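# Close look at the chain arrangement
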Amino acid sequence: MLEVKNLHVEVEGKQILNGIDLNVKPGEMHAIMGLNGSGKSTLSNAITGRENYSVTKGDIIYKNESIVEMEPNERALAGIFMSFQYPTVIPGVNNTYFLRAAVNAKRKYNKQKEYDAASFLKFVKSKLKEVEMDSKYLKRAVNEGFSGGEKKRNEMLQLLCLEPELAIMDETDSGLDIDALKIISKGINNYKNKDRSFLVITHYQRLLKYIEPDVVHVLIDGKIIKSGGKELALELEEKGYSWLES
Amino acid sequence: MNESKNAVIDQRVKEDYKYGFVTDIESDTLAPGISEKTIHYISGKKKEPSWLLDWRLKAYRKWLKMKEPNWQNVNYKNIDYQDISYFSAPKKNELKSLDELDPELLKTYNKLGIPLDEQKMMNGIAVDAVFDSVSVATTFREELKSHGVIFCSFSEAAIDYPEIVQKYLGSVIPHTDNYFACLNSAVFTDGSFVFIPKGVKCPMELSTYFRINEAKTGQFERTLIIAEEGSSVSYLEGCTAPMRDENQLHAAVVELVALDSATIKYSTVQNWYPGNPETGEGGIYNFVTKRGLCSGKNSRISWTQVETGSAVTWKYPSCILKGDNSVGEFYSVALTNNLQQADTGTKMIHIGKNTKSTIISKGISAGKGQQTYRGEVKIMKSADNARNFSQCDSILIGDRCGAHTFPYIDVRNQSAIMEHEASTSKIGEDQLFYCNQRGIDTEDAVSMIVNGFCKEVFNELPMEFAMEATKLMEVSLEGSVG
Ligand SMILES: Nc1ncnc2c1ncn2[C@@H]1O[C@H](COP(=O)(O)OP(=O)(O)OP(=O)(O)O)[C@@H](O)[C@H]1O
Ligand SMILES: [Mg+2]
């Protein structure tokens with residue numbers, strides 16, 4: 001599904017990632033943990049093709065093709081989704097309208113019939129249930145005035161509507177109350193299947209109580225310094241990161 | 001913002017002006033030039049009463065002594081007033097019914113999406129169509145008349161309702177007001193006249209579509225709307241012009257009068273030809289004076305404008321809040337792209353007690369567009385407990401355009417409550433990326449973000465026209481959103 005090879009990324013002239021290797025197979029879930037500022041979001045942004053995140057060395061292979069030269073929207077259409085650590089507010093743009101534009105862009109790309117307003121509403125309402133979101137959020141502007149937790153649920157809703165094959169969850173669990181955490185975890189577990197992969201970025205072992213990563217990676221200073229099973233997360237929770245750094 | 005993004009955005013704002021065709025129609029066009037003779041000619045053509053001719057001549061003599069203003073933040077080629085034709089009318093213009101309308105004209109308005117054919121009319125919207133210097137058709141007149149509402153061309157009103165016209169003409173904008181208003185007073189040709197009698201809620205939307213067709217003509221229309229006690233009306237004007245190489249002057253005057261508890265809602269969708277996108281050649285100089293007088297207590301005047309066209313726009317729809325508890329509102333979206341320039345805003349003059357005004361201005365600059373918001377809020381001594389809320393937001397698309405804000409505030413009564421908010425932002429990289437990451441391409445994302453930015457103002461437009469405005473923004477930014 002996703003192969004990151006010796007990835008070096010520079011942001012505004014500053015080297016942030018120093019040779020990352022990752023291999024996420026279809027149906028796998030990988031977790032990435034690491035200190036603040038270690039480069040986790042930078043990795044997500046590089047995979048999704050954000051402007052100013054330039055790949056100076058190495059490669060990103062998605063479904064057996066290099067995507068480094070692809071536009072961000074093409075990568076999205078090809079099935080890569082990122083749940084943002086800080087979802088963006090778009091004032092005045094109705095949430096349903098935005099979602100429909102996104103879903104229809106994808107349907108158009110897949111040569112499927114686009115949704116009209118009525119049929120989309122039906123579609124989105126069924127997805128709302130899965131994240132236990134009230135339909136009043138559909139009428140508001142995209143993320144405007146949403147609480148931290150509401151924004152994260154809205155990201156999850158978008159994921160469910162867009163049906164990506166590779167979902168990058170950048171701290172989707174941060175700032176969630178226990179109930180919301182359970183809802184999001186349940187959403188991820190239900191969504192996951194043998195063809196869909198997850199890259200989950202988190203600081204907390206508590207998320208990993210609810211979801212089962214196949215591999216846990218530790219990212220420090222733009223490099224993955226250790227990879228292991230679920231128990232690695234527990235160990236980190238107990239000992240912190242310092243024992244790994246020396 | 002990097003070069004490739006700029007290129008996409010450039011592409012996005014490169015507009016194909018789809019109203020740029022010329023109608024091939026026989027017309028009477030007066031040779032260019034202005035003199036007392038020109039004014040006699042216009043007045044004679046319109047069979048005007050002599051008081052009106054005198055009023056025009058007075059304005060003309062005053063205009064000769066005035067200087068063209070130059071304080072506005074726009075640049076344009078000098079206007080040669082002797083090189084403009086002040087009157088042009090389609091030849092076949094004496095109609096008894098709409099069926100007699102020149103088929104070429106009907107075609108023109110159909111092309112513009114404005115059917116004048118009454119059977120095919122948009123539901124419940126009465127239209128006055130002004131082609132160059134004359135009104136060519138007004139629909140739904142009879143039905144309106146049965147409610148006591150008068151909706152006709154200004155020229156007809158001057159003949160059929162001289163007392164009302166004489167009473168109100170120039171009562172809000174005296175001919176001495178400014179250079180262009182004075183010129184208009186001397187040579188105005190046609191426009192719409194609306195009179196809503198006491199207690200009547202006008203049963204349908206009224207609208208006027210202005211079209212400049214002839215080359216080298218100026219359009220000087222004059223609109224007068226009077227809402228008597230307790231009445232209300234919603235009026236919309238739309239404007240387009242062919243693509244030409246030389247600039248054309250449009251200097252209109254609009255006067256509104258609202259008596260006790262009357263409400264006037266005036267909306268504009270202005271899409272005059274903006275000029276050649278690369279050279280800036282051609283395009284309309286849109287120098288307009290618009291003012292409403294809330295003369296009665298509890299009256300309300302609301303201006304909503306969507307300005308996407310013209311090479312140079314220079315206008316400040318204003319409200320004089322004379323009646324106690326009267327309310328003035330100004331909602332504006334102005335878009336300048338390529339080489340377009342706009343200096344626009346409003347004036348709110350508070351005279352009565354407990355008067356309230358709201359200003360919401362949204363400026364969008366793209367390409368090398370330059371835009372200025374200029375607003376004045378004046379609270380006179382007599383205006384106890386006046387309130388104003390102003391919000392001026394600008395958004396920049398790309399990095400070669402500019403936005404400027406000049407709010408003037410003059411408070412002479414200490415009980416006033418004033419709130420002012422302003423912001424200028426670049427269209428956010430984060431917003432674009434967020435859309436891109438959801439599979440939405442940059443062109444569509446720009447349209448979506450810009451339309452979201454304008455939402456508060458579009459919400460003020462009558463339903464049918466809100467859709468039109470949204471579409472217009474998309475066309476002006478090229479491409480479309482679902
Ligand atoms: N646009 C940028 N401009 C300058 N520096 C940047 C930019 N983006 C990231 N960085 C820097 O790169 C480093 C890695 O940032 P990144 O956001 O990837 O960290 P993170 O691992 O996601 O941290 P956190 O756990 O706090 O979310 C930080 O030092 C950050 O300041
Ligand atoms: Mg991060």
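Cut-offs and rules
Residues numbered from 1 in each chain as written. Chains lettered and ligands numbered in written order. Predicted model: local features only at pLDDT ≥ 70, side-chain atom pairs only at ≥ 80, totals over all residues. Heavy atoms only, no water. Helix = DSSP H or I, 4+ residues; strand = E, 2+ residues; numbered from the N terminus. Expected span 1.5 Å × (residues − 1). Buried < 20%, exposed > 50% of the residue type's maximum accessible area, 1.4 Å probe, protein only. Contact = heavy atoms within 4.5 Å. Polar contact = N/O pair within 3.5 Å; in protein donor to acceptor, adjacent residues only side chain to side chain. Near = heavy atom within 4 Å. Areas by Shrake-Rupley, 256 points an atom, 1.4 Å probe, with all protein chains shown as cover. Nonpolar A, V, L, I, M, F, W, Y, C, P; charged D, E, K, R; others polar. pLDDT = per-residue confidence, 0-100. Phe/Tyr/Trp six-rings, centres within 6.5 Å; stacked < 30°, edge-to-face > 60°. Lys NZ or Arg CZ within 6 Å of the ring centre and 35° of its normal. Lys, Arg positive; Asp, Glu negative; His and termini not counted. Salt bridge = Lys/Arg side-chain N within 4 Å of Asp/Glu carboxyl O.

Residues and elements named next belong to chain A. Helix length check: helix H7 (residues 178-191) (14 residues) gives 20 Å between terminal C-alpha atoms against 20 Å at 1.5 Å per residue, within 8%. Residues of H7 that are buried: Ala180, Leu181, Ile183, Ile184, Ser185, Gly187, Ile188 and Tyr191. Turning to H7, the residues buried within the fold contact strand S3 (29-33), helix H4 (117-130), helix H6 (148-162), strand S9 (166-170), strand S10 (197-201) and helix H8 (205-210). Regarding H7, its N-cap is Asp177, as a side-chain oxygen of that residue lies 3.1 Å from the backbone nitrogen of Asp179 further along.

Turning next to the site of ligand 1. Residue and element names in this part refer to chain A. Close contacts around ligand 1 come from 16 residues, with Gly37, Lys40, Ser41, Thr42 and His203 the closest. Between a nitrogen atom of ligand 1 and a side-chain N or O atom of Tyr53, the distance comes to 3.3 Å. Isolated, ligand 1 exposes 630 Å² of accessible area, and the fraction of that covered by the protein chains is 68%. Of all the elements in the fold, those that place two or more residues in the shell around ligand 1 are strand S2 (14-24) and helix H1 (40-48). Considering each element in turn, the shell around ligand 1 owes the most residues, 3 residues, to H1. Tallied by class, residues from the shell around ligand 1 come to 4 nonpolar, 8 polar and 4 charged.

This next bit is on the confidence of the model for chain A. Of the residues in chain A, 99% have a pLDDT of 70 or more, and the chain-wide mean is 92. Mean pLDDT values over the elements of chain A span from 74, in helix H10 (residues 242-245) of chain A, up to 98, in strand S6 (residues 80-83) of chain A.

Another aspect to go through is the packing of aromatic side chains. Inspection of every chain in the model, using the stated rule, returns 23 aromatic pairs over all chains. Ring geometry for Phe98 of chain A versus Tyr434 of chain B: centroids 5.7 Å apart, planes at 10°, classification stacked. Placement of the pair is Phe98 of chain A in helix H3 (residues 95-109) and Tyr434 of chain B in helix H9 (residues 429-437), with the two residues belonging to separate chains. Here Phe98 of chain A falls in the buried class, since its relative accessible area comes to 0%. Members of the aromatic cluster, joined through ring pairs, are Tyr60, Trp63, Tyr81, Tyr179, Phe180, Tyr285, Phe287, Trp314 and Tyr316 of chain B. The ring of Tyr115 of chain A carries the charged tip of Arg107 of chain A above its face, separated from the ring centre by 4.3 Å. The lysine or arginine in question, Arg206 of chain A, covers the ring of Tyr204 of chain A, its NZ or CZ lying 5.5 Å from the ring centre.

All right, on to the side chain of Lys40 of chain A then. Residues and elements named next belong to chain A. With respect to the helices, strands and loops of the structure, Lys40 is situated in helix H1. Notably, Lys40 is buried but unbridged: the nearest opposite-charge side chain belongs to Glu171, and the N-O separation is 4.7 Å. Here the side chain of Lys40 touches Gly34 through a polar contact of 3.0 Å, landing on its backbone oxygen. Setting aside residues up to four positions removed in sequence, Lys40 forms contacts with Ile32, Met33, Gly34, Leu35, Glu171, Ile201, His203 and Leu219.

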